[in-house]
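Commentary on secondary and tertiary structure
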Amino acid sequence: MKLGIVGLPNVGKSTLFNSLTKAGAESANYPFCTIDPNVGVVAVPDDRLNKLAALYNSAKITPAVIEFVDIAGLVKGASKGEGLGNQFLANIREVDAIVHVVRCFEDSNIVHVEGSIDPLRDIETINLELIFSDMEVLERRLGKQKKAAYNNKDIAKEVDFIERLIAFLEAGNLAKNFELADEDEEAYIKEYNLLTSKPVIFAANVAEDDLADDGANNKYVKAVREFADKENCGAFVICAQIEQEISELDDDEKKMFLEDLGISSSGLDKLIAASYSLLGLISYLTAGETETRAWTITKGTKAPQAAGKIHSDFERGFIKAEVVYYQDLLDCGSYNAAKEKGLVRMEGKDYIVKDGDVILFRFNV
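Residues numbered from 1 in each chain as written. Predicted model: local features only at pLDDT ≥ 70, side-chain atom pairs only at ≥ 80, totals over all residues. Heavy atoms only, no water.

Here the focus is the packing of helix 4 (residues 119-148) against helix 7 (residues 219-230). Running from amino to carboxyl end, helix 4 crosses helix 7 at an angle of 40 degrees, the nearest separation of the two axes being 9 Å. By the angle between their axes, helix 4 is oblique relative to helix 7. Every residue of helix 7 that contacts helix 4 at Pro119, Leu120, Ile123 and Asn127 is listed here: Tyr220, Ala223, Val224 and Phe227. Residues belonging to the contact of helix 4 with helix 7 are distributed by class as follows: seven nonpolar, one polar and no charged. (Axes fitted to C-alpha atoms, helices over the stretch in contact; angles between N-to-C directions. Helix = DSSP H or I, 4+ residues; strand = E, 2+ residues; numbered from the N terminus. Parallel < 35°, antiparallel > 145°, perpendicular 65-115°, else oblique. Contact = heavy atoms within 4.5 Å. Nonpolar A, V, L, I, M, F, W, Y, C, P; charged D, E, K, R; others polar.)

Dropping the structure here:
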């Protein structure tokens, strides 16, 4: 999973990126200190892996990972080259979802590029730049396809679709809210890889005082949550400054620090939960003496396609999957004990893999 972190300059975007990835992207109180997109890979915390590894005496534990891309602060006119311009919009096209950091705290020491705190205005500024960039992509495609549309019904259908989609975007709407009529239209929009068709998670960056009640009394957070609900987006509260402090602690210290703040989850935990929920992701597990590992798949994935995540040969030569639920395996104390109790199932190619399934794939190529 690849997430792009975006936002206006000085909203806490790079501070958040630093704390999530410990990658040390330069953070400063002026726009455009992030000149190139910084990339960091973060392990997805999963307690199940350590317990399974202990059961199997695994030599290695490999968690699922999320790749974060920190993209320079966008400003009005970015789609036309303002600020550092369109190069950063191109970087967002490569991600699975967008984490949009919005500033929900007052601090006279940290300048805001617009001169005041207004998260909905900031969201609109970023959205408009994404819309303009998408329209440019669509207009180029339209010009090309119009020439080829004569005497070709398929291309003429796409031309009509593009024209309707451009009109929808011109009205200030996001492509992800455009109603698709059939499979052809689904294929078109997937091919275009539009910025405004990507899922969005809003990270409401608050002051430390607003963390304990999860921003319940912060008017800016309330506005962001209402907007997110209306737009079918994810939203969570974070304090980028606190996350940076947490990132320097070991696990025990981190737990005590969170308890002192009166919160149970770090921002990274919240973001991972929001990402998995929004993108419909789950993890299945494989375990053995060599390695215990988590594999991220989309909810609803069938066994052969899940096997293909490990290796294409597993999918191509899929015979069956030996499946036991994680907690059942743990309760039984061993794979053989779970098998004796009838808790290990043989599943075929139509089996839909579930979160927490521990699977051994049988295949032949």
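On we go.
This part covers a negative patch on the surface. Together, Glu208, Asp209, Glu245 and Glu248 line one region of the surface with negative charge. Of note, Glu248 is situated in the loop between helix 8 (240-246) and helix 9 (251-261). (Patch = residues over 30% accessible without salt bridge, like charges linked within 9 Å, V, L, I, M, F, W, Y side chains within 5 Å. Areas by Shrake-Rupley, 256 points an atom, 1.4 Å probe, with all protein chains shown as cover. Salt bridge = Lys/Arg side-chain N within 4 Å of Asp/Glu carboxyl O. Lys, Arg positive; Asp, Glu negative; His and termini not counted. Charge placed at Lys NZ, Arg CZ, Asp CG, Glu CD.)

Time to look at the pattern of salt bridges. Pairs can form between side chains of opposite charge whenever their charged atoms are close. This model, assessed by the stated rule, comprises 22 salt bridges. Between Glu291 and Lys60 there is a salt bridge, and its shortest N-O distance comes to 4.0 Å. With Glu291 in the loop between strand 8 (281-286) and strand 9 (292-298) and Lys60 in the loop between helix 2 (47-56) and strand 3 (61-62), this residue pair connects regions lying 231 residues apart in the sequence. With relative accessibility at 48%, the residue Lys60 sits in the partly exposed group. A salt bridge links Arg164 to Asp160; the nearest nitrogen and oxygen atoms lie 3.1 Å apart. Taken together, the residues Arg164 and Asp160, both in helix 5 (residues 153-170) and four residues apart, mark about one turn of the helix. With relative accessibility at 34%, the residue Arg164 sits in the partly exposed group. Residue Asp160 is classed as partly exposed on the basis of its relative accessible area of 38%. It is possible to trace a salt-bridge network through shared partners that takes in Asp46, Arg48 and Asp355. (Buried < 20%, exposed > 50% of the residue type's maximum accessible area, 1.4 Å probe, protein only.)

With respect to the helices and strands, Asn364 occurs in the segment after strand 12 (357-363). Between the C-alpha atoms of Asn364 and Phe314, which are 50 residues apart in sequence, the distance is 7.7 Å. When neighbours within four sequence positions are excluded, Asn364 is seen to be in contact with Gly317 and Ile319.

For the rest of this paragraph, the subject is the pairing of strand 10 (residues 318-325). Note that strand 10 and strand 12 share seven bridges and pair antiparallel. Within the sheet, the bridge partner assigned to Ala321 lies in strand 12 and is Phe361. Across three bridges, the pairing between strand 10 and strand 11 (residues 345-347) is antiparallel. The partner of Glu322 across the bridge, within strand 11, is Met346. (Pairing = 2+ DSSP bridges.)

Packing of helix 4 against helix 5 brings their axes to within 9 Å, and their N-to-C directions diverge by 155 degrees. As judged from the angle between their axes, helix 4 and helix 5 are roughly antiparallel. In this structure, helix 4 crosses over helix 5, and the sense of that crossing is left-handed. Within the contact between the two elements, helix 4 uses Ile131, Asp134, Met135, Leu138, Glu139, Arg141, Leu142, Gln145, Lys146 and Ala148 and helix 5 uses Ile155, Glu158, Val159, Ile162, Glu163, Leu165, Ile166, Leu169 and Glu170. A breakdown of the residues in the contact of helix 4 with helix 5 according to their chemical character gives 11 nonpolar, one polar and seven charged. (Left-handed = near helix turned anticlockwise from the far one by under 90°.)

The six strands lie next to each other as 2-4-1-5-6-7, forming an open sheet whose pairing is mixed. Each of the sheet's edge strands pairs with one partner strand only, and the pair in question is strand 2 (38-43) and strand 7 (234-238). Recorded for the sheet is a direction-independent mean angle of 25 degrees between the axes of neighbouring strands. Across the sheet, helix 10 (residues 267-279) touches strand 1 (2-6), strand 2, strand 4 (65-70), strand 5 (97-103), strand 6 (200-205) and strand 7, and the angle it forms with strand 7 is around 180 degrees.

Right, let's talk about the environment of Ala294 for a bit. Its location among the elements puts Ala294 in strand 9. Here Ala294 is in contact with Asp46, Leu49, Thr62, Pro63, Ala64, Tyr284 and Leu285, once residues within four sequence places are set aside.

Before going further, it helps to examine the pairing of strand 5. Extensive coverage of strand 5 is indicated by the burial of seven of its seven residues. The alternating pattern of strand 5 places Ala97, Val99, Val101 and Arg103 on one face and Ile98, His100 and Val102 on the opposite face, and all of these are buried. Of the pairings in the sheet, the one linking strand 1 to strand 5 comprises four bridges and is parallel in character. What sits directly across from Ile5, in strand 5, is Val99. Judged from the six bridges that link them, strand 5 and strand 6 form a sheet pairing that is parallel. Bridging from a neighbouring strand, Val99 pairs with Ile201 of strand 6.

On to the packing of aromatic side chains, then. Overall, the coordinates contain nine aromatic pairs when judged by the stated rule. Taking the centre distance of 5.1 Å and the plane angle of 70 degrees together, the rings of Phe168 and Phe178 count as edge-to-face. One end of the pair, Phe168, is in helix 5; the other, Phe178, is in the loop between helix 5 and helix 6 (183-192), and 10 residues separate them in sequence. Considering the side-chain rings of Phe202 and Phe227, the 5.8 Å spacing of their centres and the 70 degrees angle between planes classify their relative orientation as edge-to-face. (Phe/Tyr/Trp six-rings, centres within 6.5 Å; stacked < 30°, edge-to-face > 60°.)

With respect to the secondary-structure elements, Thr296 resides in strand 9. Engagement of the side chain of Thr296 in a polar contact is seen with the side chain of Tyr276, the distance being 3.0 Å. (Polar contact = N/O pair within 3.5 Å; in protein donor to acceptor, adjacent residues only side chain to side chain.)

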